[in-house]
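# Structure at a glance
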Amino acid sequence: MDETVAEYIRRTVLKMPRDEIKTMLQTWGFLSEAQLQTLNFHQIKDNISQEVVQLCEENSADIKQAAVLDIIYNHIYQNKRMWSVYQMKKSGEELDCFDITDFKKRFKGRLRSALKNVTITFKEYEDNAIWIRVAWGTPYKKPNQYKPSYVVYHSQTPYVFISASVLKSNLPLLCQALIVASNYHDIREMELRSHSLNSLKDIVFKRYSQNFQTYSPKPLQGQNVEPESADIRIVQENRSEKERIHRLNWELFGGGPQPKLEFAQYKLETMFKSDPKMDVLDKKEPFRCLVKFSSPHLLESLKSLAPAGMADAPLSPLLTCIPHKARNYFKIREKKGLFPESFVSP
Amino acid sequence: ENADPQKTAFLLRKAWTLYSVTPLYRFRRGRLRDYARLLSAFIAAEKQKGLAVEVGVELDIKVALSSLADLRGSERDQAALLVQLSSRSRAPSRNSEDKLLWSGWFCSVYGDDLSKDVPEDFTCLPLFLTHGPESYTSIVGSWFQKSFDCCFRRLAISPLNLSWMVAMWAGCKLDRATSAVELVFSVPRLSQPLDISYAIHPEDAKALWDTVQKTPGEITQEEVDVFMDCLYAHFHRHFKIHLSAAKLVKVSTAVASAHCDGIVKILHSQYLSGVLRLLTELAISQIQ
């Protein structure tokens, strides 16, 4: 077995939490159940990984099998990576029957015709997701297995999720190979990024509970409104304001859990407007700002701003549009014309 | 600016942790070498007691104390005092440069408010800035406390003072303003914490400040409030969020950046004196 393959397998196993190594190796299926039985999982990880490498040696593992193990690890720990979303476009209305073998062949063909030194691995998962791992080399160097790109493609959709390696220069080639393989004619990067791959899928596949255009005037029965506190300081005015905020939140965000995003970024190129009495800045050029919101769960925290008294209800559409516009990077410019208060985001 | 840029270069682009220090009793400028020896012995003794910084690492620590005559506001200020801890190089080879482990310096820039009321035997250097492992700060602080009967306290910076800083620094004229004027807010008490970074193009921030500031060379609380209100209003117009209700935790400009935990980074030597003057003022108000 190649030295580099052995080292790569050793390091991949070292990344895994000790109590998950066995399951991941089982999913991998490269080592037999009998071989797995011989492993002692109660020792330090260093020793476990050495033993695994030993067994792989017995089975003459090569880089292709090692790459599959890497996909398995990254599929389970997908949230450690930052994912960007790309949307592909078809030129016509051809109803293609998706054939996975054709896809793989075309993908590999396109990449290899441009770059000889590349390791390409596929793994299919139950939810129709095809995971692709690409390790990049150069005409003179073998592929760097430690900085691969990962692509997740749901064949029934035009969406591709990419966690690129540091080498951004390979991105155009990767995109090319994807459209060639899947029979689309164009691909564009959406302004949507997150660590939570599932949340990105929720957003583009519209799998989260959305606000409804027509709504029932009262919240659904059994809604979990904050329990009536015995605090006599809460008078009717406060109570109805609280209910109004709660209802608006429900309208805007829906009743279910929000997709998990960690940040939203707004590049503001709007005008600075102030009360003329204040006698301050009155420029004809935009007041350039960059605003970034970050949170472990951004949409949930935005949702709680109005109830906490930190924001007006309804919250600004710039924030509430994030899931249904499927983006968390925005450029906001002033809308010219009748309604100077509204904004355009291209 | 009277400070020699070469001598003060070490201050720039480092994150300094701030403390206020009460006046030092019977501190003698002439005895810096003695003090260095005593502090060195103290550190060695603390190591023996098992209060060493790095367990198992035999570090031979060299202490240097020096005066920085240029680092002061007026003649009435005491010259700054620099303390440096380096690890003595073990290798007898030519590359035997000592490695700087920790530095701290005491200073007073226009600290008249404090020094005018203080008896002669006391030396006023109300601002203490450190860079390096906390354990060394603790040891050095203990020695000074024991030797000069002074008291150290972490200097937190309130949102009010942070807004002063951002207004002042945004208005500074720089040849090339390369970094944005950034305000970082934190909204902790939500179901999920939220951080908001609000960065303004330095030219636009300065343009705004220039229309707010009525008298050059002078800044009033009212002007700072107007400046901040303008920024809050612009933000509210877009996001409907009341930034004024959030906690301002950090401000950052091309001149300097400051964090509410009392950590400051000075980026431009041009305004060094102004920044230190403001920090000296904060230290003094904490002492008094």
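Along every chain, residues carry numbers that run from 1 in the direction the sequence is written. Chains carry letters and ligands carry numbers; both start at the beginning, A for chains and 1 for ligands, and go up in the order they are written. Only residues with pLDDT of at least 70 are given local features in this predicted model, and only at 80 or more are side-chain atom pairs given and counted; all residues enter the totals for whole chains, interfaces and linings. With hydrogens and water stripped out, all remaining heavy atoms of the structure feed into the side-chain values.

## So, the overall build of chain B
Quick reminder of the rule: The way it works is that DSSP assigns letters per residue, a run of H or I at least four long becomes a helix, a run of E at least two long becomes a strand, and they are numbered from the N terminus. The reference for a compact globule is 2.2 Å times residues^0.38; the radius of gyration itself is calculated from the C-alpha atoms. Residue exposure (1.4 Å probe, protein chains only): buried if accessible area is under 20% of the type maximum, exposed if over 50%, otherwise partly exposed. By definition in these notes, contact holds between two residues if any of their heavy atoms fall within 4.5 Å. In this description, accessible areas are obtained by the Shrake-Rupley approach with a 1.4 Å probe, and a residue is regarded as covered only by the protein chains that are shown. When charges are counted, neither His nor the chain ends are considered; positive counts come from Lys and Arg and negative counts from Asp and Glu. The location of each charge is read from NZ of Lys, CZ of Arg, CG of Asp or CD of Glu.
In terms of helices and strands, chain B carries eight helices and 13 strands. Taken over the C-alpha trace, chain B has a radius of gyration of 21 Å; the compact-globule value for 288 residues is 19 Å, and the two agree within 12%. Expressed as lengths along the three principal axes of its C-alpha atoms, the size of chain B is roughly 60 × 45 × 40 Å. Relative to its 288 residues, chain B shows a buried fraction of 49%. Long-range contacts, defined as pairs at least 24 residues apart, comprise 69% of the intrachain contacts of chain B with a sequence gap of at least 6. Here chain B has roughly 13900 Å² of accessible surface; of this, 49% comes from carbon and sulfur atoms. Of the side chains in chain B, 33 bear a positive and 32 a negative charge, and the two mean positions are spaced by 6 Å.

## Observations regarding the pattern of salt bridges
Side chains bearing opposite charge may pair, as long as their charged atoms lie close to each other. Worth spelling out the cut-off: Counted as salt bridges are all cases of a side-chain nitrogen of Lys or Arg within 4 Å of a carboxyl oxygen of Asp or Glu.
Under the criterion given, the structure shown has 24 salt bridges over all chains. Lys 273 of chain A is the partner of Glu 334 of chain A in a salt bridge, and the nearest nitrogen-oxygen pair spans 3.4 Å. Taken as a pair, Glu 334 of chain A in strand 9 (residues 329-334) and Lys 273 of chain A in the loop between strand 7 (263-270) and strand 8 (287-294) lie far apart in primary sequence, 61 residues in all. A salt bridge links Arg 28 of chain B to Asp 121 of chain B; the nearest nitrogen and oxygen atoms lie 3.7 Å apart. On the criterion of sequence distance, the pair formed by Arg 28 of chain B in the loop between strand 2 (24-25) and helix 2 (32-51) and Asp 121 of chain B in the loop between helix 3 (112-115) and strand 6 (122-123) is long-range, its members being 93 residues apart. Residue class for Arg 28 of chain B comes out partly exposed when judged on its relative accessible area of 37%. One salt-bridge network, held together by shared partners, links Glu 7, Arg 10, Arg 11 and Asp 46 of chain A.

## Quick word on the domain arrangement of chain A
What counts here: For the purposes of this description, domain bounds are those given by an automatic or database domain assignment.
We note that the domain assignment places domain 1 (3-78), domain 2 (83-205) and domain 3 (244-333) within chain A. Centre-to-centre separation of domain 1 of chain A and domain 3 of chain A, based on C-alpha positions: 46 Å.

## Section: helix 5 (residues 63-76) of chain A
Residues and elements named next belong to chain A. As a reminder, the rule being used: Multiplying 1.5 Å by the helix residue count minus one yields the expected span of that helix. Two N or O atoms count as a polar contact when they lie within 3.5 Å, although within protein this holds only if one can serve as hydrogen donor and the other as acceptor, and sequence-adjacent residues are included solely when both atoms are side-chain atoms.
Compared with the 20 Å implied by 1.5 Å per residue over 14 residues, the 20 Å span of helix 5 between its first and last C-alpha is a close match. Residues of helix 5 that are buried: Ala 66, Ala 67, Leu 69, Asp 70, Ile 71, Ile 72, Tyr 73 and Asn 74. In this structure, the buried residues of helix 5 make contact with helix 1 (3-15), helix 2 (21-28), strand 2 (118-124), strand 3 (129-136) and strand 4 (149-154). Where helix 5 begins, the side chain of Asp 62 points an oxygen toward the backbone nitrogen of Lys 64, at a separation of 3.0 Å.

## A few points about the nonpolar core
Note that soluble globular proteins tend to have their nonpolar side chains buried in a common cluster. What counts here: Note on terminology: a nonpolar core comprises buried Ala, Val, Leu, Ile, Met, Phe, Trp, Tyr and Cys residues joined through side-chain atoms within 4.5 Å.
By size, the foremost hydrophobic cluster in this structure holds 133 residues, and its most contacted members are Tyr 266 and Phe 293 of chain A. By residue number, the principal contributor to this core is helix 7 (residues 221-239) of chain B, which donates eight residues. The next biggest cluster of nonpolar side chains, apart from the first, holds 29 residues, and it includes Leu 39, Leu 81, Phe 148 and Cys 150 of chain B.

## Digging into the packing of aromatic side chains
To describe a pair of aromatic rings, you give the distance between the ring centres and the angle between the ring planes. All names here are of chain B. Rule in force here: Only rings of Phe, Tyr and Trp enter the pairing, Trp through its six-membered ring, and a pair is recorded when the two centres are within 6.5 Å. The plane angle decides the type: under 30 degrees is stacked, over 60 is edge-to-face, the rest tilted. Consider the ring centre and the ring normal. A charge sits over the ring if Lys NZ or Arg CZ is within 6 Å of that centre and within 35 degrees of that normal.
In total, this model carries 40 aromatic pairs over all chains according to the counting rule given. Between Phe 144 and Phe 148, the ring centres sit 5.6 Å apart and the planes meet at 40°, which makes this aromatic pair tilted. Linking Phe 144 with Phe 148, this pair stays in helix 4 (residues 134-148), spanning four residues, or about one helical turn. Here Phe 144 matches Phe 148 in class, with each residue buried. By the ring-pair criterion, three or more aromatic residues cluster together here, those being Tyr 19, Phe 27, Tyr 35, Trp 102, Phe 106, Phe 128, Trp 143, Phe 144, Phe 148 and Phe 152. Directly above the ring of Tyr 19 sits Arg 154, whose terminal nitrogen or CZ lies 5.8 Å from the centroid.

## Some words on the pairing of strand 4 of chain A
The two faces of the sheet receive side chains in turn, since in a regular strand these alternate between them. Residue and element names in this part refer to chain A. Just so we agree on the cut-off: In this description, strands pair whenever DSSP reports at least two bridges between them.
Extensive coverage of strand 4 is indicated by the burial of six of its six residues. Neither face of strand 4 is open: one carries Ser 149, Val 151 and Tyr 153, the other Tyr 150, Val 152 and His 154, and all of them are buried. Taken together, the six bridges between strand 3 and strand 4 define a ladder with antiparallel strand orientation. Note that in strand 4 the partner of Arg 133 across the bridge is Tyr 150.

## Observations concerning the interface of chain B and chain A
Accessible area lost on assembly of the parts is the figure often given for the size of an interface. Short version of the rule: Summed over both partners, the accessible area lost on bringing two parts together, with a 1.4 Å probe, is the buried area.
Between chain B and chain A, the contact holds 35 residues from the first and 43 residues from the second. Between chain B and chain A, roughly 3200 Å² of surface is buried when both sides are summed, and carbon and sulfur atoms account for 63% of that area. On the chain B side of the interface with chain A, the three residues burying the most area are Arg 237, His 238 and Phe 239 of chain B, jointly 22% of the side's total. The interface formed by chain B and chain A includes three salt bridges.

## Here's the deal with the domain arrangement of chain B
As assigned here, chain B comprises domain 1 (5-154) and domain 2 (159-260). Spacing between the C-alpha centres of domain 1 of chain B and domain 2 of chain B amounts to 33 Å.

## Quick notes on the packing of helix 5 (residues 159-170) of chain B against helix 8 (residues 272-287) of chain B
Two packed helices can be described by the angle between their axes and the distance between those axes. Residue and element names in this part refer to chain B. Here is the rule we go by: Geometry is summarised by axes, namely lines fitted to C-alpha atoms with helices restricted to the contacting stretch, and by angles between N-to-C directions that run from 0 to 180 degrees. In what follows, roughly perpendicular refers to angles from 65 to 115 degrees, roughly parallel to angles under 35, roughly antiparallel to angles over 145, and oblique to any angle outside these ranges. Left-handed describes a crossing whose near helix is turned anticlockwise from the far helix through less than a right angle; right-handed describes the clockwise counterpart.
Running from amino to carboxyl end, helix 5 crosses helix 8 at an angle of 165°, the nearest separation of the two axes being 12 Å. In this view, helix 5 runs roughly antiparallel relative to helix 8, as classed from their interaxial angle. In this structure, helix 5 meets helix 8 at a crossing whose hand is right-handed. Of the residues in helix 8, those touching helix 5 at Asn 161, Met 165, Met 168 and Trp 169 are Val 275, Leu 278, Leu 279 and Leu 282.

## Looking at the side chain of Gln 145 of chain A
All names here are of chain A. Within the fold, Gln 145 resides in the loop between strand 3 and strand 4. The buried category is assigned to Gln 145, whose relative accessible area is 11%. Among the polar contacts made by the side chain of Gln 145, one reaches the side chain of Thr 119 at a distance of 2.9 Å. In this structure the side chain of Gln 145 is engaged in a polar contact, spanning 3.0 Å, whose partner is the side chain of Arg 133. Filtering out sequence-adjacent residues up to four positions away, Gln 145 remains in contact with Tyr 8, Ile 63, Thr 119, Arg 133 and Ala 135.

## Details of the environment of Arg 244 of chain A
Residue and element names in this part refer to chain A. Among the secondary structure elements, Arg 244 is positioned in helix 9 (residues 236-253). The exposure class of Arg 244 is partly exposed, given its relative accessible area of 30%. Between the C-alpha atom of Arg 244 and that of Ala 313, which follows or precedes it by 69 residues, the distance is 8.3 Å.

## Brief notes about the sheet that holds strand 6 (residues 186-194) of chain A
Residue and element names in this part refer to chain A. One open sheet accounts for six strands, arranged 2-3-4-5-1-6; its pairing is antiparallel. What marks the edges here is a single partner per strand, and that holds for strand 2 and strand 6. When strand polarity is set aside, the average angle formed by the axes of neighbouring strands in this sheet is 25°. Summarising the sheet, strand 1 (residues 83-89) and strand 6 pair through six bridges and their orientation is antiparallel. Note that in strand 6 the partner of Tyr 86 across the bridge is Glu 189. Against the sheet, helix 8 (residues 197-204) engages strand 1, strand 3, strand 4, strand 5 (159-163) and strand 6, with an angle of about 120° to strand 6.

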